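Each chain, letter by letter, is given below.
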Amino acid sequence: MNKKFILSSCGTSLLTNYAGDNITRDLVHEHANAKSKADVPESARAIITDVIEKLSRSVENAGYEQAAAMSAELNGIIKFYGGVLPKACDFHQLLSTDTWLGKETANLVKKWINRTAPDMIVDIYAPSDLQTKEMASFQWALSNLVKKFYEELPEFRRTGHKIVFNLTGGFKAVQGFLQSVANFFADETIYIFEKSEMLMRIPRLPVKLDAAGIVEKHLSCFRNLAMGVPYAGEIRIPETMFQELYGIVELSAWGEVLWNEAKEQLYRERLWPTPNPEKIRYGKGFQKSTESIEPDRMQHVNERLDQLNRHFQDEQYNPRSLDFKPLKGNRMAPSTHESDAWADKDAKRIFGHFENGCFVLDKLGKGLH
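Conventions and cut-offs
Residues numbered from 1 in each chain as written. Predicted model: local features only at pLDDT ≥ 70, side-chain atom pairs only at ≥ 80, totals over all residues. Heavy atoms only, no water. Salt bridge = Lys/Arg side-chain N within 4 Å of Asp/Glu carboxyl O. Helix = DSSP H or I, 4+ residues; strand = E, 2+ residues; numbered from the N terminus. Buried < 20%, exposed > 50% of the residue type's maximum accessible area, 1.4 Å probe, protein only. Contact = heavy atoms within 4.5 Å. Disulfide = S-S within 2.5 Å. 1 Å grid on protein atoms, 1.4 Å probe; cavity = no way out; pocket = protein on both sides within 12 Å on 5 of 7 lines; lining within 4 Å. Points joined across faces, edges and corners; volume = space filled by probe spheres on them. Nonpolar A, V, L, I, M, F, W, Y, C, P; charged D, E, K, R; others polar. Expected span 1.5 Å × (residues − 1). Bend = angle between axes of the 7 residues up to and from the residue. Phe/Tyr/Trp six-rings, centres within 6.5 Å; stacked < 30°, edge-to-face > 60°. Lys NZ or Arg CZ within 6 Å of the ring centre and 35° of its normal. Pairing = 2+ DSSP bridges. Axes fitted to C-alpha atoms, helices over the stretch in contact; angles between N-to-C directions. Polar contact = N/O pair within 3.5 Å; in protein donor to acceptor, adjacent residues only side chain to side chain.

Enquirer: Outline the pattern of salt bridges, listing residues and values.
Expert: Side chains that differ in sign of charge can pair as their charged atoms come close. As enumerated under the stated definition, the model contains 21 salt bridges in all. Asp98 is paired through a salt bridge with Lys35; the nearest N and O atoms lie 2.1 Å apart. One end of the pair, Asp98, is in the loop between strand S2 (91-95) and helix H6 (100-116); the other, Lys35, is in the loop between helix H2 (22-30) and helix H3 (42-61), and 63 residues separate them in sequence. Judged by its relative accessible area of 6%, Asp98 falls in the buried class. Residue class for Lys35 comes out partly exposed when judged on its relative accessible area of 43%. The partner of Lys103 in a salt bridge is Asp98, with the nearest N and O atoms 3.1 Å apart. Lys103 gets classed as partly exposed once you look at its relative accessible area, which sits at 33%.

Enquirer: Provide a residue-level description of the environment of Thr189, including the pertinent values.
Expert: Mapped onto the elements, Thr189 comes out in strand S5 (residues 188-192). Separated by 13 residues in the primary sequence, Thr189 and Ile202 have C-alpha atoms spaced 5.1 Å apart. Apart from the residues lying within four places of it in its own chain, the contact partners of Thr189 are Phe165, Leu167, Ala182, Met200, Arg201 and Ile202.

Enquirer: Any details on the state of the cysteines? Residues and values, ideally.
Expert: Every disulfide links exactly two cysteines, by a covalent bond between their sulfur atoms. Taken as a whole and judged by the stated rule, the model has zero disulfides. Its sulfur unpaired, Cys221 is 20 Å from the next cysteine sulfur, which belongs to Cys358.

Enquirer: Account for empty space enclosed by the protein, with residues named and values stated.
Expert: Following the criterion strictly, the structure yields one cavity of 30 Å³ or more and no others. Size it by volume and the largest cavity reaches roughly 60 Å³. Taken together, Phe5, Leu7, Gln93, Tyr125, Leu145, Lys148, Phe149, Glu152 and Leu153 form the lining of the largest cavity. Counting only elements with at least two residues in the lining of the largest cavity, the list comes to strand S1 (3-9) and helix H7 (135-158). It is H7 that contributes the most residues to the lining of the largest cavity, five residues altogether. Partitioning the lining of the largest cavity into residue classes produces six nonpolar, one polar and two charged.

Enquirer: Describe helix H11 (residues 253-269), with residues and values.
Expert: In a regular helix each residue adds 1.5 Å, so 17 residues correspond to 24 Å; H11 covers 25 Å between its end C-alpha atoms and thus fits that length. Lys263 marks where H11 bends most, by close to 40 degrees. Restricting attention to buried positions, one finds in H11 the residues Ala253, Gly255, Glu256, Val257, Leu258, Trp259, Ala262, Leu266 and Tyr267. Check the buried side of H11 and you find it contacts H7, helix H8 (172-185), helix H9 (211-217), helix H10 (219-226), strand S8 (248-251) and helix H13 (295-313).

Enquirer: An account of the packing of aromatic side chains is needed here, citing residue identities and associated values.
Expert: Tallied over the entire structure, the rule returns 18 aromatic pairs. Taken together, a centroid distance of 5.0 Å and an interplanar angle of 55 degrees make the contact between Phe91 and Phe156 tilted. Taken together, the positions of Phe91 in strand S2 and Phe156 in helix H7 put the pair 65 residues apart, joining distant regions of the chain. Each member of the pair, Phe91 as well as Phe156, carries the same accessibility label: buried. Taken together, Phe149, Tyr150, Phe165 and Phe185 form an aromatic cluster joined through their ring pairs. Arg270 extends its terminal NZ or CZ atom over the ring of Trp272, reaching a point 4.2 Å from the ring centre. We note Arg310 situated over the ring of Tyr317; from NZ or CZ to the ring centre the distance is 4.3 Å.

Enquirer: If you had to explain the sheet that holds strand S13 (residues 358-365) to someone new, which residues and values would you point to?
Expert: Sheet strands line up and pair through hydrogen bonds in the backbone, either parallel or antiparallel. If you walk across this open sheet you meet the five strands as S9-S13-S12-S11-S10, and the pairing is mixed. Only two strands of the sheet have a single partner each, and these edge strands are strand S9 (280-282) and strand S10 (325-326). Pairing geometry for strand S11 (residues 337-342) and strand S12 (residues 348-355), over five bridges, is antiparallel. Paired with Glu338 across the two strands is Phe351, which belongs to S12. On the sheet, H13 packs against S9, S11, S12 and S13 and is oriented at approximately 140 degrees with respect to S11.

Enquirer: Please set out the side chain of Ser56 residue by residue, giving values where relevant.
Expert: Checked against the element boundaries, Ser56 lands in helix H3. Residue class for Ser56 comes out buried when judged on its relative accessible area of 17%. A polar atom in the side chain of Ser56 sits 2.6 Å from the side chain of Lys111. For Ser56, the residues in contact, after removing those within four places along its chain, are Leu108 and Lys111.

Enquirer: Now, about the sheet that holds S1: what can you tell me, with residues and values included?
Expert: The six strands are arranged S3-S2-S1-S4-S5-S6 in an open sheet whose pairing can be described as mixed. Single-partner strands in this sheet number two, and they are strand S3 (121-125) and strand S6 (199-203). On average, each strand axis in the sheet is inclined to that of its neighbour by 20 degrees, with strand direction left out of account. In this sheet, S2 lies alongside S1 in parallel orientation, the contact comprising five bridges.

This is how it looks when you write it as structure tokens:
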């Protein structure tokens, strides 16, 4: 595991450290959560823009010692590599707030890494609404960040990357969250020890959460909220596991962690009751047709039921993995529709029909040719 994926939380330390006088630093702090440049009053915007332009030129010429002194994020990265960035194709993900100054600062960090180590791959990710001004939006952004981790980090790990969270820089609220979830995603977490030049390195701890036991008690609720489908029953999962914004209820960041930690284990065990009995129910032969399938196939079937549930909520949602469509002809009566179960050399389809607005699953079988 020689390659690295390094996530660095980015704040505005590079900008505030360079600002100089207290008045300019106060302006940076005052407008740290401004969504765009246009949201900052013209007089303050002119002062901050001038500082950014001068700082950009300074970053362009900064050596290792100067860069480490200027930026907490760069200080952590430089210390991690032992003082000199190697000629390596490591992937650096700079996590920026969704703000003007957050993105400007992250761009300057990227600029320095690109100049100093051209072989490094540097990407800036600024999740929509990731800012520290409005709590509900902030929590929503963290949920999307967790989804991104679960979608993308397994592939980096599969290709031999060591996952490192660099939490030396960034806003305290973001740092605190990343520190809490690091044990689920990172192989190692690094900090610069307070008032010291020493790099603190914390390995992934061998701790496992009993997520499946918790999720199973509220499986239907988790399945619906995870797919963005309104849950008709009473939400009894802990309040920290879900959130509401603009009338929409979804899993919180912690709910996403719990769900993703439990989902594969549960879905491989058995065919669970449908996530929405009012929209989807099992016909007489469906459960029997799934009895002999392997655990990985069972996981696919459970996942397709989630996708069907989402499709019946929003017909525009019909990903290739689902491919829900009417059957041609009448060869599978009473089935009138089909969807993918899984697609490979032993591909299977799910067949069903509608009764009084409810989709009845008839059987799992080979596709028609």
